[in-house]
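Chain by chain, the residues run as shown.
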Amino acid sequence: MPASYLLFLFILLDFPWYALASRLQFGQHQTTPFSKSSIQAKSITRELHSPNVKRNNLNTNSNGSTFLWLLQDEYSGKTFFENFTFFSDKDPTNGQVNYVNQSQAFNLGLAYVQDDGVVIMKGDNTSWLDQGIFRNSVRISSYAQYTTGLFILDLNRAPWGCGVWPAFWTLGSDAWPQSGEIDIIEGVHDNEHNQVAWHTRDGCFLTPESNFTGTIVQLNGQPNLVCNGNVNQNSGCSIIELSRASYGQYFDSTGGGVFAMKWDENGIAIWSFYRATVPKDITDGSPDPSQWGNPSAALEPTGCNPLEFFYNHSIVFDITFCGDWAGNSYASSHCPGTCEQRLMDPANFVNATWSINSLKVYKKQSIKGQIVNAAFIHLPFMLTTFRLTMLAISLTTFELLPCL
């Protein structure tokens, strides 16, 4: 090859084509419109370059595709209640409770945000009641609705106590239980173990051989695998967590902790971590459920399609009293007196409080197509290496190399 050709090739290679390609890829000095896929790639790229995203927390689906959990919504601090509506109708679970509206909740001190940003919701713990009178409390539902997501609740305290029945759950928009219900935190009285539950229309079943650490609740001496909420006294299917630190006094005494629900095409799984065991990737804002070990409870797609039986869910917090579960189980709970009598003394409800640091909802974001961007990242190195090689050839041709 003539030396002039080699020099021309070297000059051509010395132009920063990779910079031009990168600028075209990400929309700088662009002369033609992006396709829809290019716009999505650009948006994903911005999210991947966010300081809150750690690229070593890639997750992998069973089909080999990769994805990240990226923050979609955060409920915390002074704006927390702006994203929720207050439920003030009769309790559908027949609790002896008056759910108050937003203004009442704020005025009565049953819902507020502390100066440090911690969100408080509680049942009335100041009013003496005559027997048979219902106690005031709160129930809120998110305006936003979700079909799949990674939901991470960080809290200092969760309600507990004789006659108390709290829940953190998600509920579908259709007539119950057509679009499903997922109970992430639920329990009664002085229980120490959280009970996870699913309520659906007919056709959804737990898979007993799934990898989870909890125990399936039994019915008539056998594990109840039927999640149909229209049978078995609306109980659905439930799993009791193994950890004593997942509910009640012990959970609160450890400084609270984190509950997480992962809901995607691979199923629905719930984890709980008391404060000292919360994974670092959660506190860093870059959650990676693949590193958390087996969940406490799981609903597998082989027994129940998580996208067919669950959709358009709002997030719900509530605290009710007595009712279908806490009332009916009171006699066997080792709590004193009757549930109605328990309801009279406000001192019995000092622990009926949610204390929440934050609730974060992450969306599952595929990162397919990022290999193209990675090629641009490595292109400068590749071109530099090739330019040096061509320079050596050029210098050799001009018989200048021995002089160097």
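Rules of the game
- Residues numbered from 1 in each chain as written.
- Predicted model: local features only at pLDDT ≥ 70, side-chain atom pairs only at ≥ 80, totals over all residues.
- Heavy atoms only, no water.
- Helix = DSSP H or I, 4+ residues; strand = E, 2+ residues; numbered from the N terminus.
- Contact = heavy atoms within 4.5 Å.
- Pairing = 2+ DSSP bridges.
- Core = buried A, V, L, I, M, F, W, Y, C linked by side-chain atoms within 4.5 Å.
- Buried < 20%, exposed > 50% of the residue type's maximum accessible area, 1.4 Å probe, protein only.
- Phe/Tyr/Trp six-rings, centres within 6.5 Å; stacked < 30°, edge-to-face > 60°.
- Lys NZ or Arg CZ within 6 Å of the ring centre and 35° of its normal.
- Disulfide = S-S within 2.5 Å.
- pLDDT = per-residue confidence, 0-100.
- Salt bridge = Lys/Arg side-chain N within 4 Å of Asp/Glu carboxyl O.

*Asks:* Describe the environment of Phe81, and please don't skip the residues or the numbers.
*Replies:* Among the structural elements, Phe81 can be located in the loop between strand S2 (66-75) and strand S3 (84-86). Note: C-alpha distance between Phe81 and Val113 (32 residues apart in sequence) is 8.8 Å. Ignoring anything within four residues of it in the chain, the contact list for Phe81 reads Phe86, Gln102, Phe106, Ala111, Tyr112, Val113, Val119, Ile120, Met121 and Ile140.

*Asks:* So what's going on with the sheet that holds strand S13 (residues 215-216)? Residues and values would help.
*Replies:* Judged by pairing direction, the sheet is antiparallel, and its eight strands sit side by side in the order S3-S8-S20-S10-S11-S12-S16-S13 without closing on themselves. The sheet is open, and its two edges are formed by S3 and S13, each paired on a single side. Note: strand S8 (residues 139-142) against strand S20 (residues 313-321), three bridges, orientation antiparallel. For Ile140, the partnering residue across the bridge sits in S20 and is Phe317.

*Asks:* Quick rundown of the nonpolar core? Include the residues and the values.
*Replies:* Core analysis: the biggest nonpolar cluster contains 72 residues, and Phe80, Met121, Trp198, Phe317 and Trp354 have the highest contact counts within it. Judged by nonpolar contacts, the second largest core, of five residues, contains Cys322, Tyr330, Cys335 and Cys339.

*Asks:* Give a detailed account of the packing of aromatic side chains, specifying residues and quantitative values.
*Replies:* Evaluated as defined, the whole model comprises 20 aromatic pairs. Where Phe80 meets Phe84, the ring centres are 4.8 Å apart and the plane angle is 20°; that geometry is what we call stacked. Classification of Phe80 as buried rests on a relative accessible area of 0%. What makes Phe84 buried here is its relative accessible area of 1%. A network of ring pairs unites the aromatic residues Tyr75, Phe80, Phe81, Phe84, Phe86, Phe106, Phe168, Phe317 and Trp354 as a single cluster. Geometry around Phe87 places Arg139 over its ring, the cationic atom sitting 4.3 Å from the centre. Its end group placed over the ring of Tyr250, Arg244 keeps NZ or CZ at 5.0 Å from the ring centre.

*Asks:* Outline the state of the cysteines, listing residues and values.
*Replies:* Under the counting rule described, the total for this entry stands at four disulfides. Between the sulfur of Cys162 and that of Cys335 lies a disulfide, 2.1 Å long from S to S. Looking along the S-S bond of the Cys162-Cys335 disulfide, the torsion reads about -85°, which is the left-handed sense. With a gap of 173 residues between them, Cys162 in the loop between strand S9 (149-157) and strand S10 (164-172) and Cys335 in the loop between helix H7 (323-327) and helix H8 (339-342) connect regions that are remote in the sequence. In this pair, the class of Cys162 matches that of Cys335, namely buried. There is a disulfide in this structure between Cys227 and Cys237, and the S-S distance comes to 1.9 Å. Note on the Cys227 and Cys237 pair: the S-S dihedral is about 85°, so by sign convention the disulfide is right-handed.

*Asks:* Quick rundown of the confidence of the model for the chain? Include the residues and the values.
*Replies:* Scored by pLDDT, the chain has a mean of 85; 77% of the residues are at 70 or more. Below a pLDDT of 50 lies the segment residues 388-404, which in the model reaches 16 contacts outside its immediate sequence neighbourhood of four places, other chains included.

*Asks:* Can you break down unusual backbone geometry residue by residue, with the values?
*Replies:* Note that the residue after Trp176, namely Pro177, is joined by a cis bond; omega there is 0°. Counting through the fold element by element, Pro177 comes out in the loop between S10 and strand S11 (181-186). Notably, Thr148 is not glycine yet its phi reads approximately 85°, a positive angle. The phi torsion at Cys322 lies on the positive side, around 55°, for a residue other than glycine. Along the chain, the position of Cys322 falls in the loop between S20 and H7. Judged by its relative accessible area of 2%, Cys322 falls in the buried class.

*Asks:* Summarise the pattern of salt bridges; cite the residues concerned and give the values.
*Replies:* If you walk through the whole model with that rule in mind, you get eight salt bridges. Overlapping salt bridges bring together Lys262, Asp264, Glu265 and Lys364 as one network.

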